[in-house]
Amino acid sequence: SQKIEQNSEALNIQEGKTATLTCNYTNYSPAYLQWYRQDPGRGPVFLLLIRENEKEKRKERLKVTFDTTLKQSLFHITASQPADSATYLCALPGGSYIPTFGRGTSLIVHP
Amino acid sequence: NAGVMQNPRHLVRRRGQEARLRCSPMKGHSHVYWYRQLPEEGLKFMVYLQKENIIDESGMPKERFSAEFPKEGPSILRIQQVVRGDSAAYFCASSPQTTMNTEAFFGQGTRLTVV
């Protein structure tokens, strides 16, 4: 069956460092992959979409890579700030392109 | 342009009662998705609807749960005879068409507590 795996342990880093989050998937051949941010008590907010023919995509301090051979996406936040603290969700298209989410990884940026 | 609106934000029901959760998609969006999220767990897909049609309900329990998206008005997720295990956050998302190569826009969720 299809699986999306994100590190369930929270990632703690110091302000100013680069945070790197991982999304691994199995039994998928996705045409694209998405990353969302979710704050406590709120709905997810879309951040980035990367297509299978794109190795890397950037948006301000965010960078996403997509390795279809390794079946992995890495999500980087450079010069991290306490305001970046949140849960980050990876999503792949399921049947009818319904977004299917991993469990998310909590990022905590310490001042 | 208002975002996806869900109401109520918080809902408390006693066991055996009915819960009705409402979702008004963004203007111009005709596709609606419902998800359930338990504490420390990911978003679990429940049902995908277009106006007046259920496209995919593979994630929705067959008993007690139903969803609709009428031609006029919000999408409704209905849970009959609620049990404690139904306590969760329910999120609605919308998109103008399928989410192929595009994003889903989420509401702030309804937190259902069954006592």
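Residues numbered from 1 in each chain as written. Chains lettered and ligands numbered in written order. Predicted model: local features only at pLDDT ≥ 70, side-chain atom pairs only at ≥ 80, totals over all residues. Heavy atoms only, no water.

**Observations concerning the packing of aromatic side chains**
For the coordinates displayed, the defined rule picks out 12 aromatic pairs over all chains. Between the aromatic rings of Y36(A) and F101(A), the centroid separation amounts to 5.2 Å while the plane-to-plane angle is 65°, which identifies the pairing as edge-to-face. Of this pair, Y36(A) sits in strand 4 (residues 32-38) while F101(A) is found in strand 10 (residues 99-101), placing the two residues 65 residues apart along the sequence. Summarising the burial analysis for this pair, Y36(A) and F101(A) share the class buried. Ring centres 6.0 Å apart and planes at 75° place the aromatic pair Y35(B) and F45(B) in the edge-to-face group. In this pair, Y35(B) sits in strand 4 (residues 31-37) while F45(B) sits in strand 5 (residues 43-50), placing the two residues 10 residues apart along the sequence. (Phe/Tyr/Trp six-rings, centres within 6.5 Å; stacked < 30°, edge-to-face > 60°. Helix = DSSP H or I, 4+ residues; strand = E, 2+ residues; numbered from the N terminus. Buried < 20%, exposed > 50% of the residue type's maximum accessible area, 1.4 Å probe, protein only.)

**Let's talk about the side chain of S73(A)**
Residue and element names in this part refer to chain A. When you line up the elements, S73 lands in strand 8 (residues 72-77). On the basis of relative accessible area, S73 is assigned to the buried category, the value being 0%. A distance of 2.8 Å separates the side chain of S73 from the backbone oxygen of T65, its partner in a polar contact. In this structure S73 touches L21, T22, C23, L33, W35, V64, T65 and F66, once residues within four positions along its chain are discounted. (Polar contact = N/O pair within 3.5 Å; in protein donor to acceptor, adjacent residues only side chain to side chain. Contact = heavy atoms within 4.5 Å.)

Purely spatial values, then, with no claim about function.
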